[in-house]
Amino acid sequence: GLYRLARLCADGEAWLGAAPELAELGRWMLAPSRPTAVRIQGCVWLTMFPSVDVARTLAALALDEREALAVRDQAAWTLGYRQARGHHPRPRWDAAALAVADVALLTLVERATRAGAVTLEQLPIALRHVARPDVVDALIAAPGLWGEALECFATADGARALWARFDAIGPAHQLRALRLVAATLGAEAAPLLLA
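The next subject is the overall build of the protein. Looking only at helices and strands, the protein has twelve helices and zero strands in total. In sequence order, the secondary structure elements of the protein are arranged as α-α-α-α-α-α-α-α-α-α-α-α. In the protein, of all internal contacts separated by at least 6 residues, the share reaching a separation of at least 24 is 59%. Surface summary for the protein: the accessible area is close to 9,600 Å², and the carbon and sulfur share equals 59%.

This part covers helix H4 (residues 52-63). Owing to its 3.6 residues per turn, the α-helix aligns residues three or four sequence positions apart on the same side. Along its twelve residues, H4 runs 16 Å from first to last C-alpha, staying within 8% of the 16 Å computed at 1.5 Å per residue. For H4, the elements touching its buried residues are helix H2 (23-29), helix H3 (36-45), helix H5 (69-80) and helix H6 (95-115).

Grouped together as the largest cluster of nonpolar side chains are 51 residues, with contacts concentrated most on Leu79, Leu123, Leu127, Trp146, Leu150 and Leu162. With eight residues, the single largest contributor to this core is H6. With residues near it in sequence (within four places) discarded, leucine 123 still touches Asp73, Ala76, Leu105, Leu108 and Trp146.

Counting through the fold element by element, valine 135 comes out in helix H8 (residues 133-141). For the pair formed by valine 135 and valine 103, sequence separation is 32 residues and the distance between their alpha carbons is 8.4 Å. Those residues in contact with valine 135, other than ones at most four positions away along the chain, are Asp102, Leu106, Leu127 and Val130.

Thresholds, definitions, all that
- Note on numbering: residues in each chain are counted from 1, in written sequence order.
- In keeping with the predicted nature of the model, local features appear solely for residues at pLDDT of at least 70, side-chain atom pairs appear and are counted solely at 80 or more, and the whole-chain, interface and lining totals rest on all residues.
- Hydrogens and water molecules were not included; the side-chain quantities draw on all heavy atoms of the structure.
- Per the convention used, a helix needs a DSSP run of H or I reaching at least four residues, while a strand needs a run of E reaching at least two, with both numbered from the N terminus.
- Any two residues whose heavy atoms approach within 4.5 Å at even a single point are treated as in contact.
- Only the protein chains shown count as cover for residues, with accessible areas throughout obtained via the Shrake-Rupley method and a probe of 1.4 Å.
- Residue count minus one, scaled by 1.5 Å, sets the expected span of a helix.
- The nonpolar core is taken to be a set of buried Ala, Val, Leu, Ile, Met, Phe, Trp, Tyr and Cys residues, with the residues joined through side-chain atoms within 4.5 Å.
- Relative accessible area decides the class of each residue, using a 1.4 Å probe on protein chains only: under 20% of the type maximum gives buried, over 50% gives exposed, and in between gives partly exposed.

What follows is the structure in structure tokens.
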């Protein structure tokens, strides 16, 4: 059952998004009465149908600490999944859906930062695709905790702040941080990197 559904997601991602009504199948899979594995697959299914309603549904799951951790983790991943790659060209994250998703992701970042631990394992990877400045600034404010999330986006001020906190970043993530600083600051980064 679940294996075939996962194969359908993989094989059909290029065309399933052309039928937005199929998002209802994902919502059906998310029902609390379903097994955890089915609910996780429901979150995966919904990556093909970005919309405000889908973002609200996933945000509610990701933020509800009574939900199974694995379901919350996959919901957070889907909220951050902005890649078009093999998906049908019709459905895209519009500004309204991104706003709902990014507010939820920012809330998750703030909660984890306050707790001093990231319990949603996929969240840092999902955050690499988020360009919203307040989310990126929240990651840069605690680079020791969010080193794995630092990848693509930063403002010039954020990159300078990240450089100032460079020693707080674990060795496993320092190269990623260096790339982000260099890509964001361009020529301004050269003397910093040489020093």
